[in-house]
Amino acid sequence: MAEDVRHYCVQLSASARGVGRARRTTGKVLHDWGLAELVDVAEVLLTELLTNVLVHVGPGAWHALTLLHDGDVLRVEVRDPSPRMPVPRVGDWDAESGRGLRMIECMSHAWGVDRLPPGKVVWFTLPDGA
């Protein structure tokens, strides 16, 4: 890992309280790193990833939040124990659910999924100044 890469990781329980903690933690870390301009978008997209863990993996499942910044790009990762891969839905923007991955696709620089034993990491990136 390059010397200028900043890294933060925390393990949380999938719950509404865990989502709030992850958002607050992300905001604080990004402010500390001088990336305040990324806080709002990062928190919205992070909430979508964490909500997917709650809905598709279930409450109480562990997940890990990792923030990486290499000087140009912020990468936000959410790891969960489920091998089930997320699939963006094609549907109506007015629907009550099913838009999260489409939002991430539209609002991030890039996003993807990496399989891990066990589970997976779903991530997105934001360039500085997004």
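The structure we're discussing is the one just above.
Caption draft 1: Local environment of the nonpolar core. Of all hydrophobic cores here, the largest spans 28 residues; its most connected members are Leu 30 and Leu 74. For this core, the leading source of residues is helix H2 (residues 39-56), giving seven residues.

Caption draft 2: Representation of the pairing of strand E3 (residues 73-80) within the structure. Where strand E2 (residues 62-69) lies against E3, six bridges are found, and the strand directions are antiparallel. Pairing of Leu 68 across the sheet is with Arg 75, part of E3. Counting the residues between successive antiparallel strands, the hairpin from E2 to E3 contains three residues, one of them, Gly 71, with a positive phi of roughly 100°. Inspection of the sheet shows E3 paired to strand E5 (residues 120-127) by eight bridges, in the antiparallel sense. By the bridge assignment for E5, Glu 77 is matched with Trp 123.

Caption draft 3: Up close: a negative patch on the surface. A contiguous patch of negative charge, built from Asp 4, Glu 37, Asp 70, Asp 72 and Asp 128, is present on the exposed surface. Overall, Asp 4 belongs to the partly exposed group, its relative accessible area being 48%.

Caption draft 4: Local environment of the sheet that holds E2. Judged by pairing direction, the sheet is antiparallel, and its five strands sit side by side in the order E1-E2-E3-E5-E4 without closing on themselves. Bordering the open sheet on either side are strand E1 (6-13) and strand E4 (110-115), each of which pairs with just one other strand. The average undirected angle you get between the axes of adjacent strands in this sheet is 15°. Here H2 sits on the sheet in contact with E2, E3 and E5, set at roughly 170° to E5.

Caption draft 5: Inspection of the pattern of salt bridges at higher detail. Inspection of the entire model under this criterion finds five salt bridges. Residue Arg 75 is joined to Glu 77 by a salt bridge in which the shortest nitrogen-to-oxygen separation is 2.7 Å. With a relative accessible area of 21%, Arg 75 lands in the partly exposed category. Across the pair Arg 75 and Asp 114 runs a salt bridge whose closest N-O atoms are separated by 3.2 Å. Of the two residues, Arg 75 is situated in strand E3 and Asp 114 in strand E4; the sequence distance between them amounts to 39 residues. Here the salt bridges share partners, and the residues they tie into one network are Arg 75, Glu 77 and Asp 114.

What counts as what
Here the residue index of a chain counts from 1 through its sequence in written order. In keeping with the predicted nature of the model, local features appear solely for residues at pLDDT of at least 70, side-chain atom pairs appear and are counted solely at 80 or more, and the whole-chain, interface and lining totals rest on all residues. The basis for every side-chain value is the complete set of non-hydrogen atoms in the structure, without hydrogens or water. Residue types Ala, Val, Leu, Ile, Met, Phe, Trp, Tyr and Cys, when buried and joined through side-chain atoms within 4.5 Å, form a set referred to as a nonpolar core. Exposure is judged per residue with a 1.4 Å probe applied to protein chains only, and the accessible area is read against the type maximum: over 50% gives exposed, under 20% gives buried, and values in between give partly exposed. Helical segments are the DSSP runs of H or I of at least four residues, strand segments are the runs of E of at least two, and each set is numbered from the N terminus. The rule for pairing is simple: two strands pair if DSSP sees at least two bridges between them. Patches here are clusters of residues that have more than 30% relative accessible area and form no salt bridge, with a 9 Å joining cutoff for like charges and a 5 Å cutoff for nonpolar side chains (Val, Leu, Ile, Met, Phe, Trp, Tyr). Computed with a 1.4 Å probe, the accessible areas rest on the Shrake-Rupley method; for each residue, only the protein chains presented here act as cover. Definition used for salt bridges: Asp or Glu carboxyl oxygen within 4 Å of a side-chain nitrogen of Lys or Arg. Neither His nor the chain termini are counted; the positive set is Lys and Arg, and the negative set is Asp and Glu. Taken as the charge centre is NZ of Lys, CZ of Arg, CG of Asp or CD of Glu, depending on the residue. Working convention: axes come from line fits to C-alpha atoms, limited for helices to the stretch in contact. Angles between N-to-C directions cover 0 to 180 degrees. Contact between two residues is taken to exist if any of their heavy atoms lie within 4.5 Å; hydrogens are not considered.

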